[in-house]
Amino acid sequence: MILHEVKRGDLLLTNDPEKVDIDALCDLVAKQYWGPNRLRRTTRRAFENSYTFVLLQGEKMVGCVRVVTDFVTAAYIEDVIVDDSLRGRGIGQWMMREMMTSPDMAEQHRWLLMTADAQTFYEKLGFSAPGHPEWVMEKVIPYPTE
Ligand SMILES: CC(C)(COP(=O)(O)OP(=O)(O)OC[C@H]1O[C@@H](n2cnc3c(N)ncnc32)[C@H](O)[C@@H]1OP(=O)(O)O)[C@@H](O)C(=O)NCCC(=O)NCCS
């Protein structure tokens, strides 16, 4: 992994694993609309096994983007969060662009994600509905509940 850290005002965006506080990330995820669907241990394991950028304001964790990836063939984006106190100021777009253009991702082939309502947010980053939806398949097993 290649360290990538960028500043914007008092915010620091970093992929430094030393700065990834998984407990704080679990707290952040718990506040989102999908939070109640996932046990804390599920979120914890997901972050332990993903490529993550965190957004820090001083010591406070105020955002994140988590990526499931092999760094070359495919990257599946999850848990894109900017704390509600900072929304609507271009920080989410900046965080996503920095993650997608970070040195680790220089040869990434395919980016994937699912979103219920943020299509226009991702369109600005070059995403679109799949060109061949009939080629996309999924099998979903409910998360554990205890
Ligand atoms: C989505 C999120 C990360 C965006 O962060 P942000 O810093 O507010 O985003 P930006 O300011 O860079 O960009 C916002 C733009 O995206 C657009 N947008 C589209 N759908 C959106 C949505 N569901 N939520 C937020 N913005 C959305 C806004 O209209 C805005 O467009 P504009 O710049 O033309 O006004 C943030 O709102 C968030 O954490 N939301 C809760 C968690 C979430 O829904 N994550 C995405 C799951 S797929």
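Just above, that's the structure.
A quick note: this is a predicted structure, and the numbers were derived from the prediction, not measured. (Residues numbered from 1 in each chain as written. Predicted model: local features only at pLDDT ≥ 70, side-chain atom pairs only at ≥ 80, totals over all residues.)

This next bit is on the overall build of the protein chain. Scanning the protein chain from N- to C-terminus turns up four helices and six strands. Starting at the N terminus and ending at the C terminus, the protein chain contains elements arranged as β-β-α-α-β-β-β-α-β-α. The C-alpha radius of gyration of the protein chain comes to 15 Å, within 12% of the 15 Å expected for a compact globule of 146 residues. The principal-axis extents of the C-alpha atoms in the protein chain amount to approximately 45 × 40 × 30 Å. When the 146 residues of the protein chain are sorted by exposure, 23% land in the buried category. (Helix = DSSP H or I, 4+ residues; strand = E, 2+ residues; numbered from the N terminus. Rg over C-alpha atoms; globule rule 2.2 N^0.38 Å. Buried ≥ 20, exposed ≤ 12 C-beta atoms within 10 Å, placed from the backbone.)

Moving on, we get to the site of the ligand. Inspection of the region around the ligand gives 16 residues, with R87, G92, Q93, A118 and F121 positioned closest. Counting residues per element, the ones that place at least two in the shell around the ligand are β5 (74–82), α3 (91–100) and α4 (119–123). In terms of residue class, the shell around the ligand is built from six nonpolar, seven polar and three charged. (Near = placed C-beta within 6 Å. Nonpolar A, V, L, I, M, F, W, Y, C, P; charged D, E, K, R; others polar.)

On to the packing of helix α1 (residues 22–30) against helix α2 (residues 40–48), then. Where α1 meets α2, the axes come as close as 10 Å, and the angle between the chain directions of the two elements is 125°. One finds that α1 runs oblique with respect to α2. Note that α1 runs across α2; the crossing there is right-handed. Residue-level contacts link I22, L25, C26 and V29 of α1 to R40, T43, R44, F47 and E48 of α2. Here the contact of α1 with α2 is composed, by residue class, of five nonpolar, one polar and three charged. (Axes fitted to C-alpha atoms, helices over the stretch in contact; angles between N-to-C directions. Parallel < 35°, antiparallel > 145°, perpendicular 65-115°, else oblique. Left-handed = near helix turned anticlockwise from the far one by under 90°. Contact = placed C-beta atoms within 7 Å.)

A word on the nonpolar core. Ranked by internal contacts, the top residues of the largest apolar core, which has 24 residues, are F53, V54, L55, C64, V65 and M95. Of all the elements in the fold, those that place two or more residues in this core are α1, β3 (51–57), β4 (60–69), β5 and α3. V65 has contacts with F53, I77, D79, V80, M95, M96 and M99, leaving out every residue within four places of it along the chain. (Core = buried A, V, L, I, M, F, W, Y, C linked by C-beta atoms within 7 Å.)

What follows is about the sheet that holds strand β1 (residues 5–8). Strand pairing within a sheet occurs via backbone hydrogen bonds; the two strands may be parallel or antiparallel. As summarised here, the arrangement of the six strands in space is β1-β2-β3-β4-β5-β6, forming an open sheet in which the pairing is mixed. Edge positions in the sheet fall to β1 and β6 (110–113), since each of these pairs with one other strand and no more. Each adjacent strand pair in this sheet contributes to an overall mean axis angle of 20°, direction not counted. (Pairing = 2+ DSSP bridges.)

Here W94 is to be found in helix α3. Since 16 C-beta atoms lie within 10 Å of it, W94 is described here as partly exposed.

Our next topic: unusual backbone geometry. Unlike most non-glycine residues, F71 shows phi in positive territory, near 75°. Note on placement: F71 falls in the loop between β4 and β5. On the neighbour-count criterion, F71 (16 C-beta atoms within 10 Å) is partly exposed. With a phi close to 50°, D79 is a non-glycine residue in the positive phi region. If you trace the backbone, D79 turns up in strand β5. The class of D79 is buried, set by 21 C-beta atoms lying within 10 Å.

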